[in-house]
Structure formats: C-alpha cells, structure tokens
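So the chains spell out like this:
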Amino acid sequence: MQATIGVQFNRSGAVALFEFFLAAAWARVVASYVLQGIANGFLGRVAAVWAMDVCVLMFVVLMLMVVIAVRAVNVGFLVH
C-alpha cells in the first residue's frame, strides 16, 4: 500500500475553470453588495448632516435678521 499525500481531483480542467469563474463572479457580487451598503450608509449620513447644517444656518440667519430688525426699530431707522 502506498499512501498518497494531498488531495487528488478527478475533475477536468474546463470544470475547474468554470468553478473558478463562478466563485470569482460570486465574490464580486458579494463585494459589490457590501460596497453598496457602505456607500448607501455613508451618503445617508452625509445627507442628514448636510440637512442639519442647513437648518442650523437658516436658524442663525433668521435670528440675526430679528436682532437687526429689533435694533433698527430701537435706534429709529424705520421710524418716519
């Protein structure tokens, strides 16, 4: 009896090549799904932060306009 070291495959080279391409395509699909999920989450967070920044900016501008209007009335710029 002779002991064999390693694994012997009885498949043809064409089948092995097909399995290789199938595994590569599956890995690419999985990677694209992962990257799509990461990009979707990142863009969602960026859009939320941008919207919040716009809201804060509009609030600051509105408060500035109110302060300017009140001071203008107090100084008498708007009184005819």
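The structure contained in this document is the topic of the report that follows. (Residues numbered from 1 in each chain as written. Predicted model: local features only at pLDDT ≥ 70, side-chain atom pairs only at ≥ 80, totals over all residues. Heavy atoms only, no water.)

Focus on the overall build of the chain
Next up, step 1: Along the chain, the regular secondary structure elements total one helix and zero strands.
Next up, step 2: Buried positions account for 1% of the 80 residues belonging to the chain.
Next up, step 3: By element, 75% of the accessible surface of the chain is carried by carbon and sulfur atoms, the whole surface being about 7800 Å². (Helix = DSSP H or I, 4+ residues; strand = E, 2+ residues; numbered from the N terminus. Buried < 20%, exposed > 50% of the residue type's maximum accessible area, 1.4 Å probe, protein only. Areas by Shrake-Rupley, 256 points an atom, 1.4 Å probe, with all protein chains shown as cover.)

A closer look at a nonpolar patch on the surface
Next up, step 1: On the surface, Trp26, Val30, Val34, Leu35 and Ile38 cluster together into a nonpolar patch covering about 530 Å² of accessible area.
Next up, step 2: Classification of Ile38 as exposed rests on a relative accessible area of 55%. (Patch = residues over 30% accessible without salt bridge, like charges linked within 9 Å, V, L, I, M, F, W, Y side chains within 5 Å. Salt bridge = Lys/Arg side-chain N within 4 Å of Asp/Glu carboxyl O.)

Take it as geometry only, folks, not as evidence of what the structure does.
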